[in-house]
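Structural features, examined
So the chains spell out like this:
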Amino acid sequence: MLNLERIPDQVGYLLLTEDGAVISSGGEMENDERIANVIYGLISLADKVDSTIQEEGYKRISVVYDDHCYVICLSNKKIHVVKRKFLQNHTEPAVA
Amino acid sequence: MNRVTVVFRESFVGGEVSERTHLLVDPVSNNTNIQRVQSDDFIGCYSTSLPKKTDEQSALNRILQETATNVIDVAASDSHNLEQHEYLDRVKHYTQKLQSMSRWTPPRRPPCLLVDIPAPEKLLAAEPLTEQDLHLITTAIEEADAALVELRVEHKEDLVVPFRIP
């Protein structure tokens, strides 16, 4: 069973249906329907994906801030959102 | 809103206010049946006379009846126990019917930028953005922004030209 709480550095999570309804939430994102609506609006923004860049669609969307980020992906007809804080010793994400 | 304190005497029609009721009392005569009413109530008096009370009651009853017919009592209703085989039969039956319709397509789902992937944990736990990518995005946007600022019109020819018709 998927456990979003086990993801390292996570401080909050949201689980939505494909239509944007909240299934479960936790941590800093508990009961946050506002962010759920914003994220659903984000992934349903474009009518179609530019086929020259990406054939079907994207596997993951990240919204990156200075000290935290939101990572969004779709799996098993459910939208998974995880809020992760960056570790204190570096302010920017590591080089790949 | 201007409030007018109205003093009137009861009309002859069984204590009810009518159009014949004097609005201003005769200061000279002394009448024991004087009521003080605010102008708001004065307007209200006309609409809440006795026959209206039964209308209100019937209106309430009507609303009650409408609600009772529209309410779906989930707890009290019979649970429709559908057997597994019955369910599968129905699925087959319905899909057959749908397939026989040549022009039917499944309802179009709202567009989604994301594609369905099997194992999300690995992807969610991975590093979201590399420093190089972040740097690339930031410089690209800064250059685009600078270019936009420099956008201007170059005047080459006149837009409006008079036609010299002899």
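Please read all numbers here as calculations on a predicted model, not as lab measurements.

This next bit is on the interface of chain A and chain B. Taken together, the 38 residues of chain A in the interface contact 23 residues of chain B. Here chain A packs against chain B, burying approximately 3000 Å² in sum over the two surfaces, 63% of which is carbon and sulfur. Across the contact surface, chain A and chain B share zero salt bridges. Across the chain A-chain B interface, the total number found is 14 residue pairs in polar contact (both at pLDDT 80 or more). If you tally residues by element for the side of chain A that touches chain B, the top one is strand β4 (residues 68-75) of chain A, at six residues. Its residues placed into classes, the side of chain A that touches chain B shows 23 nonpolar, seven polar and eight charged.

Residues and elements named next belong to chain A. Of all hydrophobic cores here, the largest spans 16 residues; its most connected members are Leu14, Met29, Ile43, Ile72, Ile79 and Val81. Within the residue set of this core, elements represented by two or more residues are β1 (10-17), α1 (33-43), β4 and β5 (78-85). Sorting elements by how many residues they give to this core places α1 first, with five residues. Those residues within four positions of Val81 in sequence are excluded, and the remaining contacts are Gly12, Tyr13, Leu14, Met29, Ile39, Val71 and Ile72. Core analysis: the second largest hydrophobic core is formed by twelve residues, Ile7, Leu15, Val71 and Val82 among them.

Taken together, Leu82(B), Tyr87(B), Leu88(B) and Val91(B) make up a surface patch of nonpolar side chains, about 350 Å² in accessible area. Residue position: Leu82(B) is located in the loop between α2 (50-70) and α3 (84-100).

Turning to the sheet that holds strand β2 (residues 22-27) of chain A, a few remarks are in order. Residue and element names in this part refer to chain A. Taken together, the five strands give an open sheet; going across it, the order is β2-β1-β5-β4-β3, and neighbouring strands pair in antiparallel fashion. The sheet is open, and its two edges are formed by β2 and β3 (60-64), each paired on a single side. Ignoring strand direction, the axes of neighbouring strands in this sheet form an average angle of 10°. In the sheet, β3 pairs with β4 via five bridges, with the strands oriented antiparallel.

Okay, the confidence of the model for chain A next. Residue and element names in this part refer to chain A. Put simply, chain A has an average pLDDT of 83, and 85% of its residues get 70 or more. When the elements of chain A are averaged for pLDDT, β3 gives the smallest value, 91, and α1 the largest, 93. Per-residue pLDDT stays below 50 along residues 90-96; that stretch engages in 13 contacts with residues further than four places along the chain or on separate chains.

Conventions we followed
Once a new chain begins, its residue numbering starts again from 1 and follows that chain's sequence as written. Chains carry letters and ligands carry numbers; both start at the beginning, A for chains and 1 for ligands, and go up in the order they are written. Reporting in this predicted model follows two pLDDT cut-offs: at least 70 for local features of residues, and 80 or more for side-chain atom pairs to be given and counted; totals over whole chains, interfaces and linings ignore these cut-offs and use all residues. Hydrogen atoms and water are omitted, and side-chain values are computed over all heavy atoms in the structure. Every residue pair with non-hydrogen atoms within 4.5 Å of one another is taken to be in contact. Defined in terms of a 1.4 Å probe, buried area is the accessible area two parts forfeit on being brought together, summed over both. We define a salt bridge as a side-chain nitrogen of Lys or Arg found within 4 Å of a carboxyl oxygen belonging to Asp or Glu. We define a polar contact as two N or O atoms separated by no more than 3.5 Å, with the added condition that, inside protein, one atom must be a possible hydrogen donor and the other a possible acceptor, whereas residues neighbouring each other in sequence contribute only through side-chain atom pairs. Under the scheme used here, helices are H or I runs from DSSP no shorter than 4 residues and strands are E runs no shorter than 2 residues, and both carry numbers assigned from the N terminus. Note on residue categories: nonpolar means Ala, Val, Leu, Ile, Met, Phe, Trp, Tyr, Cys or Pro, charged means Asp, Glu, Lys or Arg, and polar means any other residue, Gly included. We define the nonpolar core as a collection of buried residues of types Ala, Val, Leu, Ile, Met, Phe, Trp, Tyr and Cys that are connected through side-chain atoms lying within 4.5 Å of one another. Exposure categories follow from relative accessible area, calculated using a 1.4 Å probe and restricted to protein chains: below 20% of the type maximum is buried, above 50% is exposed, and the middle band is partly exposed. For patch detection, residues must exceed 30% relative accessible area and be free of salt bridges, and they are connected within 9 Å for like charges or within 5 Å for nonpolar side chains (Val, Leu, Ile, Met, Phe, Trp, Tyr). What sets the accessible areas is the Shrake-Rupley method with a 1.4 Å probe; for residues, cover comes only from the shown protein chains. We treat two strands as partners when DSSP finds at least two bridges between them. Each axis is a line fitted through C-alpha atoms, and for a helix only the stretch in contact is used; angles between axes span 0 to 180 degrees, taken between their N-to-C directions. Values of pLDDT, the confidence the predictor places in each residue, fall between 0 and 100.

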